[in-house]
Protein chains: 2
Amino acid sequence: MNHPITFKLVAKDAKTHARRGVLTTPHGEIQTPIFMPVGTQATVKAMTPRELKEIGTQIMLSNTYHLHLRPGEELIREAGGLHRFMAWDKPILTDSGGFQVFSLSSLRKIREEGVTFRSHLDGATMFMGPEESMAIQEALGSDIAMAFDVCTAYPCDHQTAREAMERTHRWAQRCQKAHTREDQALFGIVQGAFFTDLRIESAKALADMDFPGYGIGGLSVGEPKPIMYDLLDEIMPYMPEAKPRYLMGVGSPDCLVEGVYRGIDMFDCVLATRIARNGTCFTDNGRLVVRNAKYAHDFGPIEEGCDCYACQNFSRAYIRHLLKAGEITGGRLATIHNLRYLLRLMERIRRAIEENRYEEFRKEFFAKYDMSRNF
Amino acid sequence: MNHPITFKLVAKDAKTHARRGVLTTPHGEIQTPIFMPVGTQATVKAMTPRELKEIGTQIMLSNTYHLHLRPGEELIREAGGLHRFMAWDKPILTDSGGFQVFSLSSLRKIREEGVTFRSHLDGATMFMGPEESMAIQEALGSDIAMAFDVCTAYPCDHQTAREAMERTHRWAQRCQKAHTREDQALFGIVQGAFFTDLRIESAKALADMDFPGYGIGGLSVGEPKPIMYDLLDEIMPYMPEAKPRYLMGVGSPDCLVEGVYRGIDMFDCVLATRIARNGTCFTDNGRLVVRNAKYAHDFGPIEEGCDCYACQNFSRAYIRHLLKAGEITGGRLATIHNLRYLLRLMERIRRAIEENRYEEFRKEFFAKYDMSRNF
């Protein structure tokens, strides 16, 4: 199968599983490991494409479920595709809708054909299966489409997890069959809940299907982080070495460092943008709630040494004032900082891998990071 | 009296009262006639200083009443003044709080000393008089402070209007006496409601006080526009020729063209930013409600020929989608367009005056402008 993307490993850390790669897509190269800002509804909340580029965004994520509901994929196709619609000329990855159908819609009915659900917007009854998800993602024209998978609640029993996983595999095959767009790659998604045997089985089954990349789905859904890390340790040997590995929906600073440590290449998460609008910021010392009264007279930046527009120009006191006054600009500045923080963290991570000192980097990171102010 | 600002008329239109000037302030030169974007709470809603500069903002307005309530002028003084606080290094004009005490607060009691009122934020009882307004504006450190005036409702009777005007004059003198900051200019405000005799009396009384500039307050408060225009026609001969004239709170495209026609040099208004967040845009043809269903499949820009970031990159269909989806980016793009529209209109106005063809410009403007889509 001729894949429209290529992945090349350019460096491997000697003491850890961290890897440095280059993912080439129809809309350009991505240096991995990478964090992908999330533009659920065809925009990263409060950001413009120009700002995204300025903070170093290499690829942005958008969402099949949301865009299908509003404005609809046909409108976006008519606009010339999602890149043109939102004026973003770099790579885009679209999630398949599997997780959103599971987490946002109501009255779900999952059968072998697909999922019948009610729209979270207007309650309309809708149907989405592997073929529908592929058709939507092809209309959107993302560089990377994700297979339509079955998600499970946390916790769930082994039997439920097995059934969901097996269906996910059958749906992955249907996605491959339905997928036709030659300028779009299709990634499979490993499932299996929190059962090591199922996760390994899933990783192997999907590896056999020869996808150009693999998501790891269904994690960071409420389980303690050590459980996620242990699971990653156990399944990573079964994830194809030569393919990009994408830990879906994970994006707190500590998880990025720990994910890369275990061999993850790609991350996405709404955490950075969501908490920003409430005035919570990432720093190397952990969470900083700039909205707090103690910053009212603090004329320093959100984070000393940060090169973002917010930190270079505005004080904690000012951003706090804006947030307290309900000003959009406050959320904007915190969003810029949080996204830049994660993208800069990934830059530092990539450099550490290139310099073959990822273990030291990780130790230094956690020596400074206050876990009592974690996410 | 040594004024920290100078105003120089550089061109006068032969057939109209339109004038082209340069206002020099401690934070730089302003080419007039000018529109001033409003940053009520120390930010122009949804905009950053960088974006404001990019669209050609020369001076921005902020608000004594709002900043006194939150975060308080002492915090801003501590931050190094309003320019530093909001990272805006160009000129700032602060309104005095007179109009906001009148329009926003409740349980007002106006006596000779000043106004007792309840904060619109938390109901706390507060007092502001000319001396308090001056002290706050000096703490903020704006380039231009406005005198604390008495506003009247529309309509109001002649006796009420006279009393308010006379008190405004006494307060203007108290403002001059209380004002000490040598790097800040103090403008007087002409009042007199909709009575020509009072307005002329007010213009003359204030001219005698030798302010370096004059606001015209209490207009655009609900009266039909022809009434405002007629009043401007009648009072303008009494407004000092050599001083800048600022028509307060007026900022729809037609009013800018008509105001300049009558000799106005400065304008401010929240209309541009307020309607933008609801998806209503300025164009040379009048109002365009980009949120409307008829633009769902319209892939053209908000306004053909506009050089703003929104029009250069995004379609009506996209901006409509963002607004419908409740995305901040939608309001941001419409705000950028609306402010740029007004600033570009002022650029065209200035050029027309320099070329001594303002009357033609005005005719062409209204030939294109659809008054049924006015504001």
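The following paragraphs examine the structure supplied in this document. (Residues numbered from 1 in each chain as written. Chains lettered and ligands numbered in written order. Predicted model: local features only at pLDDT ≥ 70, side-chain atom pairs only at ≥ 80, totals over all residues. Heavy atoms only, no water.)

1. Notes on the sheet that holds strand β1 (residues 6–12) of chain B
Residue and element names in this part refer to chain B.
Then step 1. The sheet built from three strands is open, its strands ordered β1-β2-β3 with antiparallel pairing. In the strand order of this sheet, the two ends are held by β1 and β3 (28–32), each with one partner. Between one strand axis and the next, the sheet turns by 20 degrees as a mean value, whatever way the strands run.
Then step 2. In this structure, β1 lies alongside strand β2 (residues 19–25), joined through six bridges in antiparallel fashion. (Pairing = 2+ DSSP bridges. Helix = DSSP H or I, 4+ residues; strand = E, 2+ residues; numbered from the N terminus. Axes fitted to C-alpha atoms, helices over the stretch in contact; angles between N-to-C directions.)

2. Brief notes about the sheet that holds strand β9 (residues 125–128) of chain B
Residues and elements named next belong to chain B.
Then step 1. What the three strands build is an open sheet, ordered β7-β8-β9; its pairing is antiparallel. In the strand order of this sheet, the two ends are held by β7 (106–110) and β9, each with one partner. Each adjacent strand pair in this sheet contributes to an overall mean axis angle of 20 degrees, direction not counted.
Then step 2. Inspection of the sheet shows β7 paired to strand β8 (residues 115–118) by three bridges, in the antiparallel sense. Paired with Ser106 across the bridge in β8 is Arg118.

3. Thoughts on the packing of helix α10 (residues 253–261) of chain A against helix α15 (residues 358–368) of chain A
All names here are of chain A.
Then step 1. It is the contact of α10 with α15, at a shortest axis distance of 11 Å, that shows an interaxial angle of 160 degrees. For the element pair α10 / α15, the angle class is roughly antiparallel. Of the two possible hands of crossing, α10 and α15 adopt the one that is left-handed. For the pair α10 and α15, the contacting residues are Pro253, Asp254, Leu256, Val257, Glu258, Val260 and Tyr261 in the first and Tyr358, Glu359, Phe361, Arg362, Phe365 and Phe366 in the second. (Parallel < 35°, antiparallel > 145°, perpendicular 65-115°, else oblique. Left-handed = near helix turned anticlockwise from the far one by under 90°. Contact = heavy atoms within 4.5 Å.)

4. Considering the pattern of salt bridges
Then step 1. If you walk through the whole model with that rule in mind, you get 68 salt bridges over all chains.
Then step 2. A salt bridge links B:Arg332 to A:Glu51, with the nearest nitrogen and oxygen atoms 2.7 Å apart. Here B:Arg332 is found in helix α14 (residues 328–354), whereas its partner A:Glu51 is found in helix α1 (residues 49–54) on a different chain. The same class applies to B:Arg332 and to A:Glu51, which are both buried.
Then step 3. The residue B:Glu258 makes a salt bridge to B:Arg362 at a minimum N-O spacing of 2.6 Å. (Salt bridge = Lys/Arg side-chain N within 4 Å of Asp/Glu carboxyl O. Buried < 20%, exposed > 50% of the residue type's maximum accessible area, 1.4 Å probe, protein only.)

5. What to know about the packing of aromatic side chains
Then step 1. This model, assessed by the stated rule, comprises 30 aromatic pairs over all chains.
Then step 2. Ring geometry for A:Tyr65 and A:Phe117: centres 5.7 Å apart, planes at 45 degrees, overall tilted. Note that A:Tyr65 is positioned in helix α2 (residues 64–69) and A:Phe117 in strand β8 (residues 115–118), a separation of 52 residues in sequence.
Then step 3. Measuring from ring centre to ring centre gives 5.2 Å for B:Phe148 and B:Trp171, while their planes differ by 20 degrees; the resulting arrangement is stacked. One end of the pair, B:Phe148, is in the loop between β10 (144–146) and α7 (158–178); the other, B:Trp171, is in helix α7, and 23 residues separate them in sequence. Here B:Phe148 matches B:Trp171 in class, with each residue buried. (Phe/Tyr/Trp six-rings, centres within 6.5 Å; stacked < 30°, edge-to-face > 60°.)

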